[in-house]
Amino acid sequence: MKNIKFIICLLLVISCSDENEMIQDNQGLFYQSTFFDGLSRDYIMYVPDSYDENQNIPIVFNLHGGSSTAEEQMNSISDMRSISENESFILVYPQATNDPNGIPIWNLGGVNSKATDVDDVGYISHIIEKISNFYSVDQDRIYVAGFSNGAYLSFELACKLSDKIAAFASVAGHMFVDTFNECSPSHPTPFLSINGTEDNYQGIGSYYISVDESNNYWTEFNSTDTLPVIRDIADINTSDGSTVKYYSWRNGTNGVEVDHYKVIGGGHSWPSSAGADKANNKGGFNGDIDSNVLIWNFFSKFDINGLR
């Protein structure tokens, strides 16, 4: 009898634990917690009012930088909620765990880039599965963008979660050497990058490769045109001390592209002509382009099979 009571109590505990992870099947902003790999993990999710359970919609992950938070990324760096509303996609801001010094940071794996023992690639996959259990998700249209340390993870996800990620974007980020050496995507993968020339554009030694090298990797993997389309972006903010040049390698396998915005004179920031909180950008702010709009416009052209 005691054993039966114990089992019943245990089942009740498990049931309650699962219930705490349940997502409300409606629209709005949700602060979620989920249990993965022995840890309680947090993420913020925005479901647009335009969501219709009878229609599958994409997911866009937006990854914060190191020493930052999901909430800071959403409120001060890259608030994509209005685009989510207008274009109808589920927006997710995951939260990294803290390293031994108490600093939030994503774990990339590998010898040079490993900050913690946390499986963040598995965590993102877990969130995809979790959301897909409650919402009508287009499994062919799951995208990831990241800033700084979050951008490093976006490369890792494109390489190691390729079966789920349709396209990715890196802002003020680089491809770590370990990620580069271990990368094995399963399909042609559209890639957009935004980098300032004053932000270690040439890479750092044995840690991460240069922007040109990472662009070369993805253009070669995707079998795009060798020569890019190049044009200057209008200098609409003449007081920011920087200009932008656009590169686009097109006609890749299945119609995929590799796009790059080179912020000449720009630093470690998330460019925003819409007026991001400059205090949360670490120098070299650029106001000629709107990264949020560029990222979504790029993502929206592709699914996991290539050009839509």
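On a predicted model such as this, the values are computed, not experimentally measured, just so you know.

A.B. asks: Got a minute to help me understand the overall build of the protein in this structure?
C.D. replies: Secondary structure assignment for the protein yields eight helices and 14 strands. Of all 308 residues assigned to the protein, the portion counted as buried reaches 56%. Considering only contacts in the protein between residues 6 or more positions apart, those separated by 24 or more positions represent 64%. Summed over all atoms, the accessible surface of the protein reaches about 13300 Å², with 48% contributed by carbon and sulfur.

A.B. asks: When you look at the sheet that holds strand β11 (residues 243-249) in this model, what are you seeing that I'm missing?
C.D. replies: Note: strands within a sheet are paired through backbone hydrogen bonds, in either parallel or antiparallel orientation. A sheet is described by the order of its strands in space; here ten strands give the open sequence β1-β2-β4-β3-β7-β8-β9-β12-β11-β10, paired in mixed fashion. Of all the strands in the sheet, just β1 (28-36) and β10 (229-232) have a single pairing partner and so form its edges. Adjacent strand axes in the sheet meet at a mean angle of 15° when their direction is disregarded. As defined by bridge partners, β1 adjoins strand β2 (residues 39-47) across nine bridges and the pair is classed as antiparallel. By the bridge assignment, Y31 is partnered in β2 with I44. Its contacts with the sheet put helix α4 (residues 120-132) on β1, β2, β3 (57-63), β4 (90-94) and β7 (137-147), and the angle it makes with β2 is roughly 50°. Along the sheet face, helix α7 (residues 211-222) touches β8 (167-171), β9 (191-196), β11 and β12 (258-264) and points at about 165° away from the line of β12.

A.B. asks: I tried to follow the state of the cysteines on my own but got confused; where do I start?
C.D. replies: A covalent bond between the sulfur atoms of two cysteines is referred to as a disulfide. Applying the stated criterion to the full structure yields one disulfide. Note that C159 is cross-linked by a disulfide to C183, the S-S spacing being 2.0 Å. When the S-S torsion is -90°, as for the bridge of C159 with C183, the disulfide is left-handed. Here the residue C159 occupies a position in helix α5 (residues 149-160), and C183 occupies one in the loop between α6 (177-182) and β9, the gap between them amounting to 24 residues. This pair shows no difference in class: C159 is buried, exactly as C183 is.

A.B. asks: Help me understand the packing of aromatic side chains, please; the structure alone is not making it clear to me.
C.D. replies: If you walk through the whole model with that rule in mind, you get 21 aromatic pairs. Measuring from ring centre to ring centre gives 5.0 Å for F168 and W218, while their planes differ by 65°; the resulting arrangement is edge-to-face. Of the two residues, F168 is situated in strand β8 and W218 in helix α7; the sequence distance between them amounts to 50 residues. The interplanar angle of 15° and the centroid separation of 6.1 Å between the aromatic rings of Y247 and W249 together place this pair among those described as stacked. Take Y247 and W249: they sit in the same class, and that class is buried. Chaining the aromatic ring pairs together yields one cluster made of F155, F168, F180, F191, Y217, W218 and F221. Stacked on the ring of Y123, the Lys or Arg R41 has its end atom at 3.7 Å from the ring centre.

A.B. asks: Where do I start with empty space enclosed by the protein in this structure?
C.D. replies: Empty space among the atoms can be located by rolling a probe the size of a water molecule over them. In this structure the tally under the stated criterion is one cavity of 30 Å³ or more. Quantified by volume, the largest cavity comes out at close to 40 Å³. Lining the largest cavity are I194, N195, G196, V263, G266, G267, S269, P271, G284 and N286. Broken down by element, the residue count for the lining of the largest cavity peaks at three residues, all from β9. Considering only residue class, the lining of the largest cavity consists of three nonpolar, seven polar and no charged.

A.B. asks: Even after reading the chapter, I still don't get the pattern of salt bridges, so can you show me in this structure?
C.D. replies: Any two side chains of opposite charge can pair, on the condition that their charged atoms come close. Under the criterion given, the structure shown has seven salt bridges. One salt bridge in this structure joins K164 and D163, with 3.7 Å as the shortest N-O distance. Taking the relative accessible area as the measure of exposure, K164 reaches 24% and is therefore partly exposed. According to the relative accessible area criterion, D163 is exposed, its value standing at 52%.

A.B. asks: Is there a simple way to explain helix α2 (residues 70-77) in this structure?
C.D. replies: Counting along an α-helix, one turn takes 3.6 residues, and residues three or four places apart therefore face a common direction. Inspection of α2 places A70, Q73, M74, S76 and I77 among the buried residues, and these make up the whole buried set. For α2, the secondary structure elements touched by its buried residues are β1, β2, β3, α3 (81-87), β4 and β7.

A.B. asks: Explain the confidence of the model for the protein here, please?
C.D. replies: Caution applies to low-pLDDT regions: their predicted coordinates should not be interpreted in detail. Mean pLDDT for the protein: 90, with 88% of residues reaching 70 or above. Model confidence for the protein, summarised as mean pLDDT per element, is weakest for helix α1 (residues 2-21) at 39 and strongest for β8 at 99. In the model, residues 1-20 has pLDDT below 50 throughout and makes one contact with residues more than four positions away in sequence or in other chains.

Thresholds, definitions, all that
Residues numbered from 1 in each chain as written. Predicted model: local features only at pLDDT ≥ 70, side-chain atom pairs only at ≥ 80, totals over all residues. Heavy atoms only, no water. Helix = DSSP H or I, 4+ residues; strand = E, 2+ residues; numbered from the N terminus. Buried < 20%, exposed > 50% of the residue type's maximum accessible area, 1.4 Å probe, protein only. Contact = heavy atoms within 4.5 Å. Areas by Shrake-Rupley, 256 points an atom, 1.4 Å probe, with all protein chains shown as cover. Pairing = 2+ DSSP bridges. Axes fitted to C-alpha atoms, helices over the stretch in contact; angles between N-to-C directions. Disulfide = S-S within 2.5 Å. Phe/Tyr/Trp six-rings, centres within 6.5 Å; stacked < 30°, edge-to-face > 60°. Lys NZ or Arg CZ within 6 Å of the ring centre and 35° of its normal. 1 Å grid on protein atoms, 1.4 Å probe; cavity = no way out; pocket = protein on both sides within 12 Å on 5 of 7 lines; lining within 4 Å. Points joined across faces, edges and corners; volume = space filled by probe spheres on them. Nonpolar A, V, L, I, M, F, W, Y, C, P; charged D, E, K, R; others polar. Salt bridge = Lys/Arg side-chain N within 4 Å of Asp/Glu carboxyl O. pLDDT = per-residue confidence, 0-100.

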